[in-house]
Structures are given as structure tokens and as C-alpha cells.
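Below are the chains, spelled out letter by letter.
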Amino acid sequence: MGNKQTIFTDEQLDAYQDCTFFTRKEILRLHGIFYELAPSIVPMDYTDDPDVKLPIQLIINMPELVENPFKERIVQSFSEDGDGNLSFNDFVDMLSVMSEMAPRELKAIYAFKIYDFNTDNFICKSDLEKTINKLTREELEEEEVNLVCEKVIEEADMDGDGKLAFADFENMISKAPDFLSTFHIRI
Amino acid sequence: MYYAEDGITDEDIHPLGTGVLWKTSESPVANEFSPKNGLRHRGSESQWGATDIQPMQQSRSFQPWSDTDLQDEDEDKPVKEFCFSMQRKREIRIKQEKQGAKKNTWETWSRDYKRSFRQFQSKASESLQFLVLWRRTINTIGGNFGTGIASYFTFLRFLILMNFVTFLLIGGFIVIPNIVVQELNVVQTSQSSNTTGLCLKYSPNPQGLERYYTFIMDILMGTGFMELTYMFYGFYKNTLVILAAFYYNLPLAYLTTTLFYFLLSLVWIVVRSVKGFKQSLLTENTELSNYTSKIFVGWDFCIKDPRIIKLKQKSIRYELQMDLEEENMRRKHAERTTSQLAAIYSLRVFLNLVVICLTGAAFYCIYLSTVNSQELLINSSVKGNFILELLVGYLPSITITAANFFLPIVFGIIILWEKYTLNWEIRLTLVRCVFLRLTSLGMLLYSLWDKITCSGKPHDAKCVTCGYNIDEYKCWETRVGQEMYKLLIFDFLTVLVVILLVDFPRKMMVDHCSCKPIQFWGQQEFLVPQNVLDIVYGQTVCWIGTFFCPLLPLLNTVKYFIIFYMKRLTLFTNCRPADRTFRASSANFFFMLVLLLGLAISWVPVLYSIFAMTPSRACGPFNGQTNIWDTIPITIQTLPKTAAEFFLFIGSQAFAVPLFFLCCILMFYLIALASSYGELVKTLKDQLQMERSRKMFLRQVTY
């Protein structure tokens, strides 16, 4: 159909196909979704690589993300400036990593970033507390949250510094076969 | 916080860093997390080399991304697997292509070929996705209720496919040749030998007064005109078809197709379960990573429905609280005194005896019901009354279903008194339920065998003339097929009735009536293990019955097809997600294991009938032979001499015994290999622990 010629060049589509886990059709569909988020800002024509970023408030209103307790962290981890403003490239990247075809190592890297709330490249106790509260809607008692944090650090911390480095995190993830199916957003 | 450690070279300590150390000196495992494979941070490349003191960039600036520094192992890695922004990935891609241009034409060609092959693969898999049945439905279920429940539906789909393939095999090799032969009225040579006339009397169509309901009764019970259709074993003839050069041995086809689809089912299930087993092995260490998996892997990012998210959060909270409580309990258990332990163990022994007695009582009921059902049907005392006859005919099915309904509830109550930890509770209840379901089938078959072969006494008055109980079972294979047919129909009806008459009213009551007990009872929970046991039971019945009732796989396919849609309907309208989530990975392994168990159990009656029982003289493709298996030796003898000798050799002891010893040796070797890997894993874990304590010690030393 003549449609696809006006949004991306063939070369761009090839590049997307090689750099993400999506096919051409899916890339075009994603562009449609990105466009729907802000029709007034996002151009239809991407052949000249426009530098258009959508603010985080628009992205987290996507139906796939709006109810997710980690939506802000997900969007922030994939943005270049760390604040959650996504260009189309970042958007596609995000959905590609969260798709079911991304390998475990890649997903583990981004999962670590998502759970690292203060972006210090460690998952420390405060990060864990925030994660647990988001997972349980803050309905656990403070004491229980403390206990769970301690247990997690005890289980996963390999080098004994009281916080989880990426190595510890990846070690734990490799033992969990469910990870690939749960760390997955279907679009 | 900077510190020096043994064996750490300069490149690992960043002068401005926050002390992130990837590399320890000797540990083989920790070396994997060296800077080369470390976390690459988005957004930091452009600022690399800047001296701002922001924690984000420093710790990861070990690896400058320069033109010359494309690492070896990254050259062949596809670009999409890098953890960079899209811009950077495009640059890498161009660089990879340029590097490809530096190499000779062969390498360029192979690189291009690899890329186009990869694209072809992704296109092919995309188009194949459309062929996958119900993909979208199962994805929706997974999104709304979690991957555990979706795995039940995947399992159901797998069984539908397997049944359909079995039906195709049977249809192609048994039913269609028979139909063709009948239609063409081909001259058939019968292979049955002369036997006493008494054994040959078999007329399934009842003489005398035909009631108006006979047609329905025949369909529901599989008697009457049904026995004269392709449905049951009794209709197939013992014929050899010779048409010019075309030679088709119908009994041989019947037997070999049966053996083939059993083997096919076994291989298929084993191949599918290997994947699940590998994953299960990884989770054997749940003791060590229980909380971590719940926190980091527990959240299903697919869920979109806010109600389900609330439920999921509640269930995670519940699980964490349960785990903490279990820790508490375990500590208390460890502190139990000897007298308390003795009391608990004796209580457990007593309760296990109670369970065994209850199961034994259920088995006795099944035996009685089967025996009485057979006898009452033959004596015409119930023949007048439609409902009564139906009830008597379905009596074994009703008993089995009742036992499988009430006893698990009792088991659930008993297990609470045995004071096990949560995991053991679940496992033990499941084991008991599986055992009950599959052995109640076995009990039914045993009682049938008892009646057919006069309790295994060939010289008993009733069995001496024809080798089986000729008075009551003129065509015993068809009778066994009928029992399996009735079980299948009753199981299907039970599922439909439960959905229509229990689930829907329950939902309506919960929605419209706000009184406390009903709200407490709540909506139906979709319990995955119980549902899986249901369909495994149905599949076992099908496997047992297929030899005696060749069209049973077709019925089973249709039944499971309808059950898929009914269960989906009830899931979406009536159910809430279970409190205790069923993990998808261990789920798959558990399903396959129970299915294998069902397959193994279904082999026993079929193989016993083939090898040890006298086939009916009056009906079926094997009449006149001493054993069903005799077809094979007879056929082998008609083969050319070398082939015949080869097969005889394979069947003889001279081949079987060395083969057996070879298999034993192979098995012992594999066991030794597996245990040595286990030792290796343990040693590595100890080494990890040692490194950790070493690091902590050194940290203390330097402060």
C-alpha cells in the first residue's frame, strides 16, 4: 500500500527491523499508536527523522500502562534524559524490550533500571521499600515491609554491601523461569 | 568509599566512582559480571569523559564506546540485543555493516544471508502464528487472569490437537479402509478359524418389543444399533483384502495403529515436558530465592484491567504475609519438643490410615457398582423403566464422579489437621487427588476384568468353553468400549451441569444478595490443579477406550473443544482469580507429569487385553485367534525369509536381554553424570558463599 512510503523510508524500516524485535508492519502500527497519543505534536511523516518527544504524562496514559504501578519508572528508564520524555525511537525501543521476543539478558538490564528508583545503579533498601509498596498498594505493615526487604537482601546480595548490584539482580533473575513471561507488555 | 583489594587492577577502580566493583579476582562465576558485560547506560555515552560528578555516568564509564572498540563477542551479536538507545544502535548497525564490508565477499555474503534468513524466519513465524488455534483468546486470558490459568488453556489446546491427530491416524488406517472395503463389496477372505458354535452367537439388535425410547437409550449406552457401527470394536471384521497387487491386512492395521499412536503420544508428551522439566530444575531452589522472585518476578506487566490489578496486588500481599507466617511457623516447629513431635507423627500416621480407608471404601463402592450394573442390565428387571435403566447403566460413572467430588473435600479438611507447611499441604493434597482419580479408573477396569474372565480362572464353569464369560459377554471388547464411552459422556455432562447449575447461580447470588455468608463464600475461584486433573482423567479414559472404541478420540476432540469454550465463558463471567497464584513454569511440568501418569495407567489394560486375554469369538477383527498379539507372529511368518528371521531375532530373548542390560548401563551412566553435575553446582554455590564472606571480611579489615 502506498501508505507506508509516506511515514518511513524503506531504509528506516530496515533499520528498525534490525534494531528492534518488531516487523515492519508492527513498526507502522506502533507509529499509529504513538500518533494517537498526541496527534497535534507527532508528525505523520518521519522520513526526515524529526526530533519529537512526548512528555511522560501522555505516555503513561496508554491503556497498556495506565494501571501499571511501575508506569513512571518504565517510561523514565527508556528516556534519554531520565525524565520520561520519549521520542518515537525510545518508544519503539521500550516496547521492543518489553515484547516477548527480547532475550532475558536485555530484559534483566531494564528490569534493574526500573526497580532502581533513585537511579544510583543499586537497588538499595529504600528502592525495595518503594517496590514492595507499589506491589501491595501499601497495605503491608511497616514491620512486614522491613522484614521482606531484609529477606530479599539476604537472599540476593552476593557481595554483602547491603544493596543489590546488577550482578546480584541478574543472578536472581536467571533462577526465575517465569521472568520472561511476566516482564512482558503486549501491544 | 574507596578501598583496595587483592588482585583488583587499576582499570576496575574508577577514581571518581562510587566504588562499584564488578570484578573479583578468582571467582569463576563473578567474572561473568566483568565490565565488558556490564550495564550499559542509556544517555551516558554522549557525556562520557565529562568530569561532572553525577553518579549515573561515572560508574558505567568503564567502557568507552569508540570506533575501534567493538568487542569480539559483540560482533556477531544482533544489534537488537544491545542495551542502547535507538540512535546508538543504528550507529552500531552501520559500523557492523562497514566492518562486514572490510571482510571478504564470502563473509559479506554469509552475513547478508544470515540477515535475510533471520527476516524470513520472523516472517514465517509471524504467518504461522495465525495457524495457532486460539492464540488471541489465550493471550487475553493470560492478560486478565495471569499466566497460570492461561497455561491450563494451553494444555487443553495441546490435548485437543493430540486427540485430533490420533483420530486422523485411526480414520486413515482403520476406519476408511473398512468403509472402502464394505462399499466396494470386495471379496474378502476371512481369517477366522472354526470354533464352537456356542461362542459365535452374537446379535446386538434386540428382538421383540421395541420401545419408543430405544433409540435414545442406545445412543446413551452404546448398545443396540450402536454396536453395529464403526464406533465399537465389535463391528470390525477379521479380513484380509487382496485386490490385484494391493494387500491390506485389516487386523494387522488395527493393532499396529493402536501401538503407533500410543508411542506417538508418549514421544509428544515427553518432548513437551522436557522444556518444563528444565525450567522446573531451575526453580528447585525456591527456598533460596523465594522473596526475590515474588518481588521482582511476581508482577505480571501484561495485566491491564484495574480490577485484576487490584486483585493481583491483594494476592501478592497475601502471599508475602503467608510466607512470613510460614517462616514463623517453621521456627516454632523447629522448637518442638520430642513429645510434641511424637504426638504429631502419630496423628499423621493415623490420618494417613484414615485416608487409605476412605480410598479403599471408595474402591469397594466402585467395584460393587460395576458388578451390579452389569448384572442388573442383563437381567431384564430394569428394562421396563427408562430412567431406571439409564441410572443402572451409568452407575459406575456416577460412583466414580461422586467419589472424586466428595473425597478431595475430605482430604482438604484432613490435611489441615496434619499441620504441614503450606507447600507440603498443597503437594500432598494434589498427590492424593491424582492417586484417587487414576486408581478409581483402574478399579473399574479391574471389576470388569473380574467379571469377564471369571476372576482369572479359565476353568471356571462359565469361562471354560470360550475362554471368557460367554453368558454375559458375547463381545467383551465392545462392552469395555461401552463403559469407557459412558464414562466420557457422563464426564462431559458433569462439566456442563456444574457450569450451568453451580457457577452461574453462585455468581447471581453473589451479585444480588448481600447477606454475609454468601459474600464470604464469594465468587467461584478457578482452581487450576482440579481442572487439570479433570481433563487428564478424561484423556486417560479416552486412551483406554480407543482400542475398544475407535471413534472415541473424535468424540474426545469435540468434547474438549466444547469444554474450552464453556470454561472460557465461566472464567470470564463467574470467576475471580485464585488467591494463591499457580506458577506457570512449574504448572507445565506438573501437567505433563500427571498426563504421563495417565498414559502409563492407560497402557496397562490395553496391553493386557492384547497379550493375555482371549479375543471374542463372535466379533471383532481378531476373532479366532488365541491372542490379539498373534496377528504379528502370523504376519511375520508370511514375510520373506530374511525379514522374518530378523524380526524373530528382535523378539527373542537373545536380543532383549542384552538390550535390557545396555539400557541399564546407559541409565546408570546418566544418573552418575547428573549427580556429578549436582556436585559441581553445590561446589560452585559454596565458592560463591566463600567469596561473599571473604569480601565482607576484607571490608571490615580495611575500615
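Quantities reported herein were computed from a predicted structural model and do not represent experimental measurements.

A. Fine view of the overall build of chain B. Looking only at helices and strands, chain B features 22 helices and 5 strands. Looking at chain B as a whole, 45% of its 703 residues are labelled buried. In chain B, once contacts between residues fewer than 6 apart in sequence are set aside, the share between residues at least 24 apart is 72%. Carbon and sulfur atoms make up 66% of the accessible area of chain B, which amounts to about 37,500 Å² in all.

B. Structural context of the overall build of chain A. Helix and strand counts for chain A come out as 11 helices and 2 strands. N-terminal to C-terminal, the α/β element order of chain A is α-α-α-β-α-α-β-α-α-α-α-α-α. Seen through its principal axes, chain A has C-alpha atoms that stretch 60 × 30 × 25 Å. Split into buried and exposed, the 187 residues of chain A put 58% on the buried side. In the form shown here, chain A has an accessible surface area of approximately 7,200 Å², with 48% of it arising from carbon and sulfur atoms. One way to put it: in chain A the 18 positive side-chain charges average out to a point 4 Å from where the 39 negative ones average out.

C. Fine view of the pattern of salt bridges. Following the criterion strictly, the structure yields 15 salt bridges over all chains and no others. Between Asp93(A) and Lys89(B) there is a salt bridge, with its nearest N and O atoms 2.7 Å apart. Here the residue Asp93(A) occupies a position in helix H6 (residues 88-97), and Lys89(B) occupies one in helix H3 (residues 86-102), the pair thus bridging two chains. Here Asp93(A) and Lys89(B) have matching classes, each one buried. Between Lys507(B) and Asp511(B) there is a salt bridge, and its shortest N-O distance comes to 3.0 Å. One end of the pair, Lys507(B), and the other, Asp511(B), are both in helix H15 (residues 476-512), 4 residues apart, so they sit about a helical turn from each other.

D. Focus on the packing of aromatic side chains. A complete count under the given rule lists 54 aromatic pairs over all chains for this structure. Counting every residue linked through ring pairs, the aromatic cluster contains Phe70(A), Phe112(A), Tyr115(A), Phe166(A), Phe169(A), Phe179(A), Phe183(A), Phe296(B) and Phe301(B). The aromatic ring of Tyr420(B) is capped on one face by Arg348(B), whose charged end is 4.0 Å from the ring centroid.

E. View of the state of the cysteines. Residues and elements named next belong to chain B. Within this structure, the stated rule accounts for 1 disulfide over all chains. Each disulfide pairs two cysteine sulfurs, and for Cys 475 the partner residue is Cys 619, the sulfurs being separated by 1.8 Å. Between Cys 475 and Cys 619, the disulfide has an S-S torsion of 100° and is therefore right-handed. Taken together, the residues span a long stretch of sequence, with Cys 475 in the loop between helix H14 (422-452) and H15 and Cys 619 in the loop between helix H19 (584-612) and helix H20 (631-638) at a distance of 144 residues. Residue classification places Cys 619 among the buried residues on the basis of a relative accessible area of 3%.

F. Inspection of the environment of Pro505(B) at higher detail. Its location among the elements puts Pro505(B) in helix H15. Along the chain, Pro505(B) and Asn574(B) lie 69 residues apart, while their C-alpha atoms are 9.3 Å from each other.

G. Inspection of the UniProt feature "domain: EF-hand" (unreviewed entry) in chain A at higher detail. Residue and element names in this part refer to chain A. Those residues carrying the UniProt feature "domain: EF-hand" (unreviewed entry) are residues 66-101, 103-138 and 144-179 in this numbering. Along residues 66-101 the backbone is 50% helical and 6% strand, and the end-to-end C-alpha distance reaches 23 Å. Between the C-alpha atoms that bound residues 144-179 there is a distance of 25 Å. The span itself is 64% helix and 0% strand.

H. Broad picture of the nonpolar core. Grouped together as the largest cluster of nonpolar side chains are 103 residues, with contacts concentrated most on Phe153(B), Phe155(B), Phe547(B) and Leu595(B). It is helix H6 (residues 147-184) of chain B that contributes the most residues to this core, 15 residues altogether. Leave out the neighbours within four places in its chain, and Phe153(B) touches Ile138(B), Ile141(B), Phe526(B), Phe564(B), Lys567(B), Arg568(B) and Leu571(B). Grouped together as the second largest cluster of nonpolar side chains are 81 residues, Ile27(A), Leu135(A), Cys149(A) and Ile316(B) included.

I. Just the UniProt feature "transmembrane region" (unreviewed entry) in chain B, in detail. Residue and element names in this part refer to chain B. Taking the numbering used here, the UniProt-annotated feature "transmembrane region" (unreviewed entry) corresponds to residues 155-176, 212-232, 252-271, 349-371, 391-417, 484-502, 589-611 and 646-672. Taken end to end, residues 589-611 comprises 100% helix and 0% strand; its first and last C-alpha atoms sit 33 Å apart. Helix makes up 96% of residues 646-672 and strand 0%, whereas the separation of the span's terminal C-alpha atoms amounts to 34 Å.

J. Layout of the interface of chain A and chain B. Tallying the contact residues gives 79 residues for chain A and 65 residues for chain B. The shortest N-O distance in the salt bridge between Glu327(B) and Lys151(A) comes to 3.7 Å. Counting every contact that joins chain A to chain B gives 13 residue pairs in polar contact (both at pLDDT 80 or more). When contributions to the side of chain A that touches chain B are tallied by element, the ones reaching two or more residues are helix H2 (10-19), helix H5 (71-78), H6, helix H7 (104-115), helix H8 (125-136), helix H9 (142-156), helix H10 (166-174) and helix H11 (179-182) of chain A. Here the side of chain A that touches chain B is built from residues that sort into 39 nonpolar, 16 polar and 24 charged.

K. Representation of the confidence of the model for chain B within the structure. Residue and element names in this part refer to chain B. Looking at chain B as a whole, its pLDDT mean stands at 77, while 80% of the residues score no less than 70. Ignoring residues within four places in sequence, the model shows residues 1-41, a span with pLDDT below 50, making 79 contacts including any to other chains. Under a pLDDT of 50 for its full length, residues 43-70 has, in the predicted model, 46 contacts with residues more than four places off or in other chains. Here the complex is predicted with pTM 0.72, and the ipTM for its interfaces comes to 0.88.

L. Examining a nonpolar patch on the surface more closely. Residues and elements named next belong to chain B. A cluster of nonpolar side chains, namely Leu 347, Phe 350, Phe 405, Phe 406, Ile 409, Ile 413, Leu 416 and Trp 417, defines an oily patch on the protein surface of about 870 Å² accessible area. Elements supplying a minimum of two residues to the nonpolar patch: helix H11 (338-378) and helix H13 (395-417). Tallying contributions element by element places H13 first for the nonpolar patch, with 6 residues. Examined against the element boundaries, Leu 347 turns out to sit in helix H11.

M. Summary view of the packing of H11(B) against H13(B). All names here are of chain B. The contact between H11 and H13 brings their axes to 9 Å, and the two run at 175°. On the basis of their axis angle, the class for H11 and H13 is roughly antiparallel. Between H11 and H13, the contacting residues are Leu 347, Leu 351, Val 354, Val 355, Leu 358, Thr 359, Ala 362, Cys 365, Ile 366, Ser 369, Thr 370 and Ser 373 on the first element and Leu 395, Pro 396, Thr 399, Ile 400, Ala 403, Leu 407, Val 410, Phe 411, Ile 414 and Trp 417 on the second. Residues that form the contact of H11 with H13 fall into these classes: 17 nonpolar, 5 polar and no charged.

N. Region of interest: the packing of H7(A) against H10(A). All names here are of chain A. At a closest axis distance of 10 Å, the pairing of H7 and H10 adopts a crossing angle of 125°. Judged by the angle between their axes, H7 and H10 are oblique. The element H7 and its partner H10 pack so that their crossing is right-handed. Between H7, through Arg 104, Glu 105, Ala 108, Ile 109, Ala 111, Phe 112 and Tyr 115, and H10, the contact on the second element is made entirely by Phe 166, Phe 169, Glu 170, Ile 173 and Ser 174. Class assignment for the residues of the contact of H7 with H10 results in 8 nonpolar, 1 polar and 3 charged.

O. Molecular detail of the side chain of Asp168(A). All names here are of chain A. Inspection of the secondary structure puts Asp 168 in helix H10. Accessibility expressed as a relative area gives 3% for Asp 168, which makes it buried. What Asp 168 contacts, discounting residues up to four positions off in sequence, is Ala 156, Asp 157, Met 158, Asp 159 and Lys 163.

P. How the structure looks around unusual backbone geometry. Phi is positive for Glu138(A), close to 55°, though the residue is something other than glycine. Locating Glu138(A) in the fold gives a position in the loop between H8 and H9. Not every positive phi belongs to a glycine, and Cys454(B) is a case in point at roughly 50°. When you line up the elements, Cys454(B) lands in the loop between H14 and H15.

The rules behind these values
Residues numbered from 1 in each chain as written. Chains lettered and ligands numbered in written order. Predicted model: local features only at pLDDT ≥ 70, side-chain atom pairs only at ≥ 80, totals over all residues. Heavy atoms only, no water. Helix = DSSP H or I, 4+ residues; strand = E, 2+ residues; numbered from the N terminus. Buried < 20%, exposed > 50% of the residue type's maximum accessible area, 1.4 Å probe, protein only. Contact = heavy atoms within 4.5 Å. Areas by Shrake-Rupley, 256 points an atom, 1.4 Å probe, with all protein chains shown as cover. Lys, Arg positive; Asp, Glu negative; His and termini not counted. Charge placed at Lys NZ, Arg CZ, Asp CG, Glu CD. Salt bridge = Lys/Arg side-chain N within 4 Å of Asp/Glu carboxyl O. Phe/Tyr/Trp six-rings, centres within 6.5 Å; stacked < 30°, edge-to-face > 60°. Lys NZ or Arg CZ within 6 Å of the ring centre and 35° of its normal. Disulfide = S-S within 2.5 Å. UniProt positions renumbered as here; feature names shortened; annotations may be inferred. Core = buried A, V, L, I, M, F, W, Y, C linked by side-chain atoms within 4.5 Å. Polar contact = N/O pair within 3.5 Å; in protein donor to acceptor, adjacent residues only side chain to side chain. Nonpolar A, V, L, I, M, F, W, Y, C, P; charged D, E, K, R; others polar. pLDDT = per-residue confidence, 0-100. Patch = residues over 30% accessible without salt bridge, like charges linked within 9 Å, V, L, I, M, F, W, Y side chains within 5 Å. Axes fitted to C-alpha atoms, helices over the stretch in contact; angles between N-to-C directions. Parallel < 35°, antiparallel > 145°, perpendicular 65-115°, else oblique. Left-handed = near helix turned anticlockwise from the far one by under 90°.

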